[in-house]
Amino acid sequence: MFPGPTVKNHRRINSSGHSQGSSVPATGGVYLHIPFCGHKCFYCDYYTLAGREDIIDRFVECLEREVRQVDGDSISWSVDTVYMGGGTPSLLPPAGVERLLRALDDTLGLGSVTEITLEANPGEAPLERLRDYRRLGVNRLSLGIQSFDPAVLGFLERLHQPEDSQMTFAAARKAGFDNISVDLMFNVPGQSISQWQADLERVLELQPEHISAYSLTVEAGTGLAQAVDAGEIIMPAEETDYRMFTAVRERLAAGGYQAYEVTNFARDGRTCGHNLHYWRIEPYLGLGPAAHGFDGRRRYWNVRDLDQYLKRVAAGESPRSGSEQLTVAQLANERLAFGLRLAEGVSVTDGLGFGSTGEFRRQFADQLQHWSGKVELSGTHLRATPEGVLFLDSLTADFMLPAEIRTRNLTPDTSCRPSP
Ligand code: SF4
């Protein structure tokens, strides 16, 4: 079994907790993309494949090889979260997860890691396997429950039934997971407000530490998009989506969950550290087919084709297929857009690069007045109020920085290049 992380990368952090000589955050995450699924759901636009489970062992071998290609010494931040997403990572045998964690520890050092998440689907993660994951150091499970209503699950083409969710959740607790996140979905055609409310009551009975509640969106290129275009499926009215959104925020708040992000809720402070890296525009490594990564200034992505991925990695080549350098204004605007989704908001000094809160207040006086009551600027942070959250798109657009703006503090020198 995985012996536990070493402290290899502690040396990169000074006593103040920041990387030396850099204004970038001291910590970041690692994302591993596991593309296998028992079935390809027709609304899903993630890179996933059904019917390829026979090559899981070969895949693990290649992913391990990609992990070992990373030049750990070129990374100026410390890894504190690992996230195995997909796909359905709970299809991986524990021995595969062990190989990957061991390779990450050898390459990057997992001594500072506080959160290792693995996504699992109800009915596809038996107790023994969950016990093994837990023993290997996985300490957070993300369960794709989506709904407790058989008709909603049927529409979504999910393989599981409500009782599978109940069983897998209980098995996860028995296996020792004290940090479980549950995914729920609303705005599903045919789903009534009362069905959605019943889902919320069922999830509150389970008392997971974290809940993600997403509105079903029609993604281009999916079977759902084709059916909507052909008029075979009609999506719920905007009013229904809005009512379901307000219902989840109100009910979960009353149930003791904090909406620390617009559609993510945590009790007892059990937020998702890995997703916070994304939302705070902090660095992360992305490994596996179609995985995206970010080094503090540049986004990059791997080839979105499993066979190509395996071929390249097996030949010792990089699976990276593209990258994009963000301008200073793009970086600030991403921090703004994601930051306004967070309860903590975004720092207008460290995050957006203004010299002082007063400087930001002067430059955006008209917008602050226009959005009064929907946005607040207190201390150094700009936040959307609960009322403002309902207008996030237009509110964010009004605070975007023009492309030519030059701000301080936004030129991190971090990098996470795989070695050639
Ligand atoms: S199980 Fe999840 S990741 Fe897999 S196809 Fe369905 S929605 Fe996508």
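Residues numbered from 1 in each chain as written. Predicted model: local features only at pLDDT ≥ 70, side-chain atom pairs only at ≥ 80, totals over all residues. Heavy atoms only, no water.

Peer 1: What's the story with the nonpolar core in this structure? I'm lost.
Peer 2: Within soluble globular proteins, side chains that are nonpolar tend to cluster in buried spots. Counting 93 residues, the largest nonpolar core has Leu 32, Leu 104, Leu 382 and Phe 399 as the members making the most contacts within it. The two domains that each donate at least three residues to this core are domain 1 (8-279) and domain 2 (328-398). Excluding residues that lie within four positions of it along the chain, Leu 382 makes contacts with Leu 336, Leu 340, Gly 345, Val 346, Val 348, Phe 360, Leu 368, Val 375, Glu 376, Leu 377 and Phe 399. The next biggest cluster of nonpolar side chains, apart from the first, holds 13 residues, and it includes Phe 42, Tyr 43, Leu 156 and Leu 224. (Core = buried A, V, L, I, M, F, W, Y, C linked by side-chain atoms within 4.5 Å. Buried < 20%, exposed > 50% of the residue type's maximum accessible area, 1.4 Å probe, protein only. Domains from an automatic or database assignment. Contact = heavy atoms within 4.5 Å.)

Peer 1: Sorry if this is basic, but what is going on with helix H1 (residues 56-69) here?
Peer 2: End to end, H1 covers 20 Å across 14 residues, agreeing with the expected 20 Å (1.5 Å per residue, within 8%). Among all positions in H1, only Ile 56, Phe 59, Val 60, Cys 62, Leu 63, Glu 64, Glu 66, Val 67 and Gln 69 are buried. Taken together, the buried residues of H1 touch strand E1 (27-34), strand E2 (36-37), helix H2 (94-108), strand E11 (284-287), strand E13 (298-302) and helix H10 (306-314). (Helix = DSSP H or I, 4+ residues; strand = E, 2+ residues; numbered from the N terminus. Expected span 1.5 Å × (residues − 1).)

Peer 1: Explanation requested: the site of the ligand in the structure shown.
Peer 2: Around the ligand, the neighbouring residues are Cys 37, His 39, Lys 40, Cys 41, Tyr 43, Cys 44, Thr 48, Gly 87, Asn 121 and Arg 158. A per-class count over the shell around the ligand returns four nonpolar, four polar and two charged. (Near = heavy atom within 4 Å. Nonpolar A, V, L, I, M, F, W, Y, C, P; charged D, E, K, R; others polar.)

Peer 1: What should I look at first to understand the pattern of salt bridges in this one?
Peer 2: Close approach of charged atoms lets side chains of opposite charge pair. For the structure on display, the rule yields 16 salt bridges. Put simply, Arg 267 and Asp 268 hold a salt bridge, and the shortest N to O gap is 3.0 Å. With a relative accessible area of 62%, Asp 268 lands in the exposed category. With its nearest N and O atoms 2.2 Å apart, the salt bridge here joins Arg 299 to Glu 334. Of this pair, Arg 299 sits in strand E13 while Glu 334 sits in helix H11 (residues 328-339), placing them 35 residues apart in sequence. (Salt bridge = Lys/Arg side-chain N within 4 Å of Asp/Glu carboxyl O.)

Peer 1: In this structure, what is going on with the packing of aromatic side chains? I would like to understand it.
Peer 2: Aromatic rings considered in pairs are described by the distance between their centres and by the relative angle of their planes. Within this structure, the stated rule accounts for 14 aromatic pairs. Judged by centre distance (5.1 Å) and plane angle (35°), the rings of Phe 186 and Trp 196 are tilted. Here Phe 186 is found in strand E7 (residues 180-186), whereas its partner Trp 196 is found in helix H6 (residues 193-206), with 10 residues between them in sequence. The residues Phe 186 and Trp 196 share a single accessibility class, namely buried. For the pair Tyr 284 and Phe 294, a centre-to-centre distance of 6.4 Å together with 45° between the ring planes defines the contact as tilted. In this pair, Tyr 284 is assigned in strand E11 and Phe 294 in strand E12 (residues 292-294), connecting sequence segments 10 residues apart. (Phe/Tyr/Trp six-rings, centres within 6.5 Å; stacked < 30°, edge-to-face > 60°.)

Peer 1: Please clarify how the pairing of strand E9 (residues 258-261) should be interpreted in this entry.
Peer 2: For a regular strand, side chains alternate in direction, first toward one face of the sheet and then toward the other. Sheet analysis places E9 next to strand E10 (residues 264-266), joined by three bridges and oriented antiparallel. Bridge pairing in E10 links Glu 261 to Asn 264. A loop of two residues connects E9 with E10, the two strands running antiparallel in sequence. (Pairing = 2+ DSSP bridges.)

Peer 1: I'm lost on the sheet that holds strand E15 (residues 346-347) in this one. Help?
Peer 2: Sheet strands pair via backbone hydrogen bonds, and the direction of the pair is either parallel or antiparallel. One open sheet holds the three strands; their spatial order is E15-E17-E16, and the pairing between them is antiparallel. With one partner strand each, in any of the chains shown, E15 and strand E16 (375-378) form the two edges of the open sheet. As judged from the four bridges shared by E16 and strand E17 (residues 381-384), these two strands associate in the antiparallel manner. Among the inter-strand pairings, Ser 378 is bridged to a residue of E17, identified as His 381.

Peer 1: Even after reading the chapter, I still don't get the confidence of the model for the chain, so can you show me in this structure?
Peer 2: Parts of the model with low pLDDT should not have their predicted coordinates read in detail. For the chain, the average pLDDT comes to 90, and 90% of its residues sit at 70 or higher. A low-confidence stretch, residues 408-420 stays under pLDDT 50, and its non-local contacts, those more than four residues away or across chains, total 49 contacts. (pLDDT = per-residue confidence, 0-100.)

Peer 1: Looking at this structure, how should I read H2?
Peer 2: In an α-helix there are 3.6 residues to a turn, and that puts residues three or four apart on one side. Here H2 spans 21 Å end to end across 15 residues, near enough to the 21 Å set by a 1.5 Å rise per residue. Burial of H2 is extensive: 11 of the 15 residues sit out of reach of the surface. Of the residues making up H2, those classed as buried are Pro 94, Gly 96, Val 97, Glu 98, Leu 100, Leu 101, Ala 103, Leu 104, Asp 105, Thr 107 and Leu 108. Elements in contact with the buried residues of H2: E1, H1, strand E4 (78-86), strand E5 (115-120), helix H3 (127-136) and E11. Immediately downstream of H2, the backbone of Gly 109 shows phi near 80°, a positive value.

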